[in-house]
Amino acid sequence: MSDDILARLGAIIAERRQASPEDSYVARLQAAGLNRILEKVGEEATEVIIAAKDAGDDAGRDALVGEVADLWFHCLVMLEQAGTGPEAVLARLEERFGLSGIAEKAARERSHQ
Ligand SMILES: N=c1c2ncn([C@@H]3O[C@H](COP(=O)(O)OP(=O)(O)OP(=O)(O)O)[C@@H](O)[C@H]3O)c2ncn1[C@@H]1O[C@H](COP(=O)(O)O)[C@@H](O)[C@H]1O
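The name an unreviewed UniProt entry gives the chain is Phosphoribosyl-ATP pyrophosphatase, with Pseudohaliea rubra DSM 19751 as the organism. UniProt's Sequence similarities (unreviewed entry) comment on the chain is quoted here verbatim: "Belongs to the PRA-PH family." A UniProt comment under Pathway (unreviewed entry) is attached to the chain, and it reads "Amino-acid biosynthesis; L-histidine biosynthesis; L-histidine from 5-phospho-alpha-D-ribose 1-diphosphate: step 2/9."

In structure tokens form, the structure reads like this:
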């Protein structure tokens, strides 16, 4: 089922701490460490931007979806490395749901005065 795919993927990424880098791409990234993971997040973000510029037709949109999936996946690996996971990000989005970005920014600026 796709509705809990982020949670399921987060759980697999955490389990890969016990896996061998020979057999698992995630374990290989974890063994390589934070800088390598951040390098991958940066590469994937750049690929998303390039794909978004070229997403004017079905093939382009499909390529963009694939690049965003790569970025989300590598962000999950980064979150696990930092000791957190997708549940925390989903909870944050849930908290913000329905709150206009403009209203949120205004409230933040008032609290800093
Ligand atoms: N969702 C993904 C996923 N998305 C992308 N990728 C990998 O991320 C890499 C993307 O990097 P690039 O496009 O830069 O390709 P590359 O040149 O092969 O990468 P590098 O050599 O630069 O590392 C590819 O190797 C993809 O296979 C993923 N690898 C794993 N998963 C999930 O993670 C689970 C655990 O994976 P393993 O740890 O490999 O078992 C899998 O079952 C999947 O569900």
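Caption draft 1: Layout of the overall build of the chain. In terms of helices and strands, the chain carries six helices and zero strands. Each helix and strand of the chain, placed in order from N terminus to C terminus, yields the pattern α-α-α-α-α-α. Here the chain holds 113 residues, and the buried ones make up 22% of them. For the chain, long-range pairs separated by at least 24 residues make up 51% of all intrachain contacts whose partners lie at least 6 apart in sequence. A total accessible area of about 8,100 Å² is found for the chain, and carbon and sulfur atoms account for 57% of it. Put simply, the chain has 13 plus and 21 minus side-chain charges, and the middle of one group is 6 Å from the middle of the other.

Parameters and conventions
Residues numbered from 1 in each chain as written. Predicted model: local features only at pLDDT ≥ 70, side-chain atom pairs only at ≥ 80, totals over all residues. Heavy atoms only, no water. UniProt positions renumbered as here; feature names shortened; annotations may be inferred. Helix = DSSP H or I, 4+ residues; strand = E, 2+ residues; numbered from the N terminus. Buried < 20%, exposed > 50% of the residue type's maximum accessible area, 1.4 Å probe, protein only. Contact = heavy atoms within 4.5 Å. Areas by Shrake-Rupley, 256 points an atom, 1.4 Å probe, with all protein chains shown as cover. Lys, Arg positive; Asp, Glu negative; His and termini not counted. Charge placed at Lys NZ, Arg CZ, Asp CG, Glu CD.

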